Amino acid sequence: VGAAPPMLTDVLTEVSRPEALDAAVPVLRAARTWPETERVAAGIPRLHDSVVEHLRRRAEEPPRAAGDWSISPPAGCDCERCATLAGFLADPAATRLEWPMKKDYRQHIHQVIDSAELPVTHVTVRVGRPFTLVLTKTADVFALEDRDRAEAATLLAELG
């Protein structure tokens, strides 16, 4: 007989992943109406503490330095092009990358940027061969972090 599967609250306690936090908050809201014994049995107090601690850390993060354009690269693909993209994204001084590459590679990078909703524009300059993919980090790099800190503070006040 194998080990028992983890409870949902055990999984959601890993709130360092955005999707786990997005799922944990509605569970905590719904659990407010449950009897105390059911909340304890379901692991809600532990989930609550984990979410509150995560939100507190996010809300207290200092603002990004004015010249820091670094972006956390998305996880997933480890191909050569994604490694180059990750290097560009992580570089705090780099704001633009002109990158000649063939069509299917450009499409891959477009998909990675779009699916991760990165604050990066991507435009293909159709001159020469191969065409050049031009990536530009946007000022949303700064605005998104400010918004995330404000949202964390709001949720922290609600869940306290």
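Residues numbered from 1 in each chain as written. Predicted model: local features only at pLDDT ≥ 70, side-chain atom pairs only at ≥ 80, totals over all residues. Heavy atoms only, no water.

K.L.:
Could you clarify how one ought to interpret the sheet that holds strand 1 (residues 96-100) in this entry?
P.N.:
Strand order in the open sheet formed by three strands is 1-3-2, with antiparallel pairing between adjacent strands. Each having just a single partner strand, strand 1 and strand 2 (120-125) make up the two edges of the open sheet. Within this sheet the neighbouring strands show an average axis-to-axis angle of 20°, counted without direction. As paired strands, strand 2 and strand 3 (residues 132-137) are joined by six bridges and run antiparallel to one another. Opposite Thr121, over in strand 3, you have Thr136 as the bridge partner. On the sheet, helix 5 (residues 80-90) packs against strand 1, strand 2 and strand 3 and is oriented at approximately 160° with respect to strand 1. (Pairing = 2+ DSSP bridges. Helix = DSSP H or I, 4+ residues; strand = E, 2+ residues; numbered from the N terminus. Axes fitted to C-alpha atoms, helices over the stretch in contact; angles between N-to-C directions. Contact = heavy atoms within 4.5 Å.)

K.L.:
Would you mind going over the pattern of salt bridges with me for this structure?
P.N.:
Opposite charge on two side chains permits pairing when their charged atoms draw close. On inspection of all chains with the given rule, the structure shows 11 salt bridges. A salt bridge links Glu36 to Arg39; the shortest N-O distance between them is 3.2 Å. Of this pair, Glu36 and Arg39 both sit in helix 3 (residues 36-41), three residues apart, which is roughly one turn of that helix. Taking the shortest distance from any N to any O, the salt bridge between Arg56 and Glu53 comes out at 3.8 Å. (Salt bridge = Lys/Arg side-chain N within 4 Å of Asp/Glu carboxyl O.)

K.L.:
Before we go on, may I ask you to explain unusual backbone geometry in this structure?
P.N.:
Glycine aside, residues mostly have negative phi angles, and peptide bonds mostly take the trans form. In this structure, the amide linkage connecting Arg129 to the following residue, Pro130, adopts the cis form with an omega of -10°. Relative to the elements of secondary structure, Pro130 occurs in the loop between strand 2 and strand 3. In the Ramachandran plot, Glu117 falls in the positive-phi region, its phi being about 50° despite a non-glycine side chain. Checked against the element boundaries, Glu117 lands in the loop between helix 6 (103-115) and strand 2. On the accessibility criterion, Glu117 (67% relative accessible area) is exposed. (Buried < 20%, exposed > 50% of the residue type's maximum accessible area, 1.4 Å probe, protein only.)

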